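# Overview (structure and organization)
What follows is the residue order along each chain.
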Amino acid sequence: IHNEIFLNSADASKLVAKEIAELIISKRQQGENCVLGLATGSSPINVYAELVRLHKEEGLDFDNVITFNLDEYWPMDRNNVHSYHYFMHEHLFKHINIRPENIHIPDGSIPQDKLMNYCLDYEENIKNAGGIDFQLLGIGRTGHIGFNEPGSHYNSGTRIITLDYLTRSDAASSFHGISNVPRKAITMGINTLKRAHRIVLLAWGQNKADIIKKSIEGEISSAIPATYLQNHQNTTFVLDKGAASELT
Ligand code: F6R
């Protein structure tokens with residue numbers, strides 16, 4: 001893992017957006033699509049805001065972009081304001097010229113008996129798109145990436161998982177109480193993520209400092225799934241001062 005530490009998350013986010021924009025442009029020059037793996041949550045919001053600005057003010061063209069989101073709560077209706085589907089449209093998709101058919105977000109309304117095939121298809125769709133060129137990640141305080149909670153296998157694929165209590169309690173305030181937070185989610189697996197050609201993980205603030213230290217300096221273990229990234233050849237942790245404050 002390579003680390004980059006910034007004074008503030010706003011500057012860091014602009015640089016990450018710039019890297020994504022340059023990739024989109026260079027892929028287009030080669031006549032290729034650019035496949036992005038995307039995250040939700042608070043961490044990537046400023047990256048999306050900068051991509052929207054680049055589209056509106058500098059003409060960044062998303063016509064050759066294909067996206068796959070990491071995860072979605074289950075069960076979850078796509079029109080629910082808490083859905084990651086809603087989040088992505090509000091923060092990014094409705095402001096840019098991406099083709100609707102190029103957007104992939106796990107569908108939280110898939111019935112239980114269809115989930116297994118649905119997840120296999122999601123995995124297959126990523127492969128058919130040519131694999132993920134650039135994967136954006138956040139990190140949960142359990143060490144989850146996507147919703148790969150502690151215990152997730154190194155070779156896991158897209159699947160349904162049970163959210164940890166800490167993850168659900170971190171989401172509780174936006175859901176007006178932990179009892180409203182779904183217990184499960186669909187998530188890309190560790191194996192799905194590790195095949196990405198480039199991974200950038202974002203973490204901001206002191207409350208991520210402990211898990212960032214464990215992820216970067218700790219032993220690789222399923223107890224902290226983010227440690228698996230230590231084996232990935234092209235991963236950068238982009239941190240602000242707070243998130244980096246416990247690194248040695
Ligand atoms: C979201 C996701 C999660 C979040 C993580 C951090 O799609 O996959 O792993 O990235 O829970 O969330 P924030 O950024 O809200 O601290």
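Numbers given to residues run from 1 along each chain, matching the order in which its sequence is written. In view of the model being predicted, local features appear only for residues whose pLDDT reaches at least 70, and side-chain atom pairs are presented and counted only at 80 or more, with totals across whole chains, interfaces and linings using the full set of residues.

Going by the annotation in an unreviewed UniProt entry, the name recorded for the protein chain is Glucosamine-6-phosphate deaminase, with Christiangramia fulva given as the source organism.

## Brief notes about the overall build of the protein chain
Helical segments are the DSSP runs of H or I of at least four residues, strand segments are the runs of E of at least two, and each set is numbered from the N terminus. Regarding its fold elements, the protein chain presents 7 helices and 10 strands. Over its C-alpha atoms, taken along the principal directions, the protein chain stretches across nearly 45 × 45 × 35 Å. Partly exposed residues are those falling between the two cut-offs: more than 12 but fewer than 20 other C-beta atoms within 10 Å of their own, whereas 20 or more means buried and 12 or fewer means exposed, with C-beta atoms placed from the backbone. Counting across all 248 residues of the protein chain, residues that qualify as buried make up 42%.

## What about the UniProt feature "domain: Glucosamine/galactosamine-6-phosphate isomerase" (unreviewed entry) in the protein chain?
Listed under "domain: Glucosamine/galactosamine-6-phosphate isomerase" (unreviewed entry) in the UniProt record, and renumbered for this structure, are residues 11–236. Split by type, residues 11–236 is 34% helix and 15% strand. Its first and last C-alpha atoms lie 16 Å apart. UniProt positions are given in the numbering used here, feature names are shortened, and annotations may be inferred rather than shown by experiment.

## Comments concerning the sheet that holds strand E6 (residues 134–137)
Any two strands with at least two DSSP bridges between them are considered paired. One open sheet holds the 7 strands; their spatial order is E1-E10-E9-E6-E2-E3-E5, and the pairing between them is parallel. What marks the edges here is a single partner per strand, and that holds for strand E1 (2–6) and strand E5 (103–104). Looking at chain direction, E1 and strand E10 (residues 235–240) are connected through 5 bridges and run parallel. Looking at the pairing, isoleucine 5 lines up with leucine 239 of E10.

## Some thoughts on the pairing of strand E4 (residues 71–74)
Neither face of E4 is exposed, since Asp71 and Tyr73 on one face and Glu72 and Trp74 on the opposite face are all buried. With 4 bridges connecting them, E4 and strand E8 (residues 184–187) associate as antiparallel partners. Considered in E8, the bridge of tyrosine 73 is made with alanine 185.

## Looking at helix H2 (residues 45–58)
Helical geometry: 3.6 residues make up each α-helical turn, so side chains three or four residues apart lie on a common side. By this rule, a helix spans an expected 1.5 Å times one less than how many residues it contains. Along its 14 residues, H2 runs 19 Å from first to last C-alpha, staying within 8% of the 20 Å computed at 1.5 Å per residue. Whether two residues are in contact is decided by their C-beta atoms, placed from the backbone, lying within 7 Å. Next to the buried residues of H2 lie helix H1 (9–29), helix H3 (84–91) and E6. Backbone geometry just after H2 places glycine 59 at a positive phi near 70°.

## A closer look at the site of the ligand
With respect to spatial proximity, 14 residues lie near the ligand, and among them Gly41, Ser42, Ser43, Gly138 and Gly140 are the closest. Lys, Arg, Asp and Glu make up the charged group, whereas Ala, Val, Leu, Ile, Met, Phe, Trp, Tyr, Cys and Pro make up the nonpolar group; the residues left over, Gly among them, are polar. Here the residues of the shell around the ligand sort into 5 nonpolar, 8 polar and 1 charged. In this analysis a residue is considered near a molecule or strand if the C-beta atom, reconstructed from its backbone, is found within 6 Å of that molecule or strand.

## Side note on the confidence of the model for the protein chain
The predictor attaches a confidence to each residue, called pLDDT, with possible values from 0 through 100. With 100% of its residues at a pLDDT of 70 or more, the protein chain has an overall mean of 98. Model confidence for the complex: the whole-complex pTM is 0.98, and ipTM, which rates the interface, is 0.99.

## Focus on helix H4 (residues 115–128)
Taking 1.5 Å per residue as the helical rise, H4 with its 14 residues ought to reach 20 Å, and the 20 Å between its terminal C-alpha atoms agrees with that figure. Of the residues making up H4, those classed as buried are Cys119, Tyr122 and Ile126. Around the axis of H4, the buried residues are gathered within 55° of arc, so they sit on the same side. Facing away from the buried surface of H4 by more than 90 degrees, the exposed residues are Met116, Asn117, Glu124, Lys127 and Asn128. Lining the buried residues of H4 we find strand E3 (65–69), strand E7 (159–162), E8 and helix H6 (190–194). Taken from the helix axis, the directions to the C-beta atoms give the arc we talk about.

## Describing the environment of isoleucine 186
In this fold, isoleucine 186 is placed in strand E8. Expressed as a C-alpha distance, the spacing of isoleucine 186 and phenylalanine 147, which sit 39 residues apart in the sequence, is 7.6 Å.

## As for the sheet that holds E7
Taken together, the 3 strands give an open sheet; going across it, the order is E4-E8-E7, and neighbouring strands pair in antiparallel fashion. Strands at the two margins of the open sheet, each flanked by one partner only, are E4 and E7. Strand-to-strand, the axes of this sheet are offset by a mean angle of 30°, without reference to chain direction. All axes here are fitted lines through C-alpha atoms, helices being fitted over the stretch that makes contact, and every angle between N-to-C directions spans 0 to 180 degrees.

## Some thoughts on the pairing of E10
Side-chain positions along a regular strand alternate between the two faces of the sheet. The element E10 is largely enclosed, with a buried count of 5 among its 6 residues. With 5 bridges connecting them, strand E9 (residues 199–203) and E10 associate as parallel partners. Bridge pairing links isoleucine 199 to threonine 235 in E10. Whether a crossover is right-handed comes down to one check: with the strands pointing away from the viewer, does the path from the first strand over the helix to the second run clockwise; if it does, it is right-handed. With helix H7 (residues 209–217) bridging E9 and its parallel neighbour E10, the resulting β-α-β unit is right-handed.

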